[in-house]
Amino acid sequence: MPETLSSLQDLKGAAAPAPEAAPRYVQKLDQQGRAYATGKRKDAVARVWIKPGPGKIIVNGRPLEHYFARPVLRMILQQPLGITKRVDQYDLMVSVAGGGLSGQAGAVRHGLSKALLAYEPDLRSVLKKEGFLTRDPRVVERKKYGKKKARRSFQFSKR
């Protein structure tokens, strides 16, 4: 039962409640020692597993260079590893579906960032500062009736 205070002197002597400690993040691994996370971007969804290794990246059963042929997409995908200086320390196994290649690369980057966070919780501040843990909410706007596209009207002619 809380003690009752009758004067200001009692208030000074009362113990202040202890401040709550910041939330402590813990490592989350499966039975094989892998960390798993899901990343999303536009219509693409990527499932990412990471484990310690020489840096081999497999996307949908194919090597990274075969799946993402454009260097820009490979650069986007590897940004979280570069920022955290973990380039050749983890093997990645990625399953990605939906959307186009650009959206898939963004989804893999988001999933990789979350998986790195699950494996090494201390990297949270670095990844958060770069914005890799935030899901990009922009999606394609739907087509409206009476319009040619989402906002574009049909061409007007006075005749």
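Residues numbered from 1 in each chain as written. Predicted model: local features only at pLDDT ≥ 70, side-chain atom pairs only at ≥ 80, totals over all residues. Heavy atoms only, no water.

Things to note about the nonpolar core
Counting residues in hydrophobic clusters, the biggest one holds 31 residues, and the most contacted among them are I50, V59, F68 and L116. At the level of secondary structure, the elements contributing two or more residues to this core comprise β1 (35–41), β2 (44–52), β3 (57–59), α2 (64–67), α3 (71–83), β5 (90–97) and α4 (101–119). Residue contributions to this core peak at nine residues, all from α4. Filtering out sequence-adjacent residues up to four positions away, V59 remains in contact with L64, Y67, F68, V94 and V96. (Core = buried A, V, L, I, M, F, W, Y, C linked by side-chain atoms within 4.5 Å. Buried < 20%, exposed > 50% of the residue type's maximum accessible area, 1.4 Å probe, protein only. Helix = DSSP H or I, 4+ residues; strand = E, 2+ residues; numbered from the N terminus. Contact = heavy atoms within 4.5 Å.)

As for the pattern of salt bridges
Summed over the entire model, instances satisfying the criterion amount to six salt bridges. Between R41 and D136 there is a salt bridge, with its nearest N and O atoms 3.5 Å apart. Here the residue R41 occupies a position in strand β1, and D136 occupies one in the segment after α5 (124–130), the gap between them amounting to 95 residues. The exposure class assigned to R41 is buried, which follows from its relative accessible area of 18%. Between E141 and K144 there is a salt bridge, with the nearest N and O atoms lying 2.5 Å from each other. The exposure class of E141 is partly exposed, given its relative accessible area of 38%. (Salt bridge = Lys/Arg side-chain N within 4 Å of Asp/Glu carboxyl O.)

Brief notes about the sheet that holds β5
As summarised here, the arrangement of the five strands in space is β1-β2-β5-β3-β4, forming an open sheet in which the pairing is mixed. The open sheet terminates on both sides in strands that have one partner only, identified here as β1 and β4 (62–63). Where β3 lies against β4, two bridges are found, and the strand directions are antiparallel. The residue bridging V59 from the neighbouring strand is R62, located in β4. Most of the contacts of α4 go to β1, to which it runs at about 150°, and overall it touches β1, β2 and β5. (Pairing = 2+ DSSP bridges. Axes fitted to C-alpha atoms, helices over the stretch in contact; angles between N-to-C directions.)

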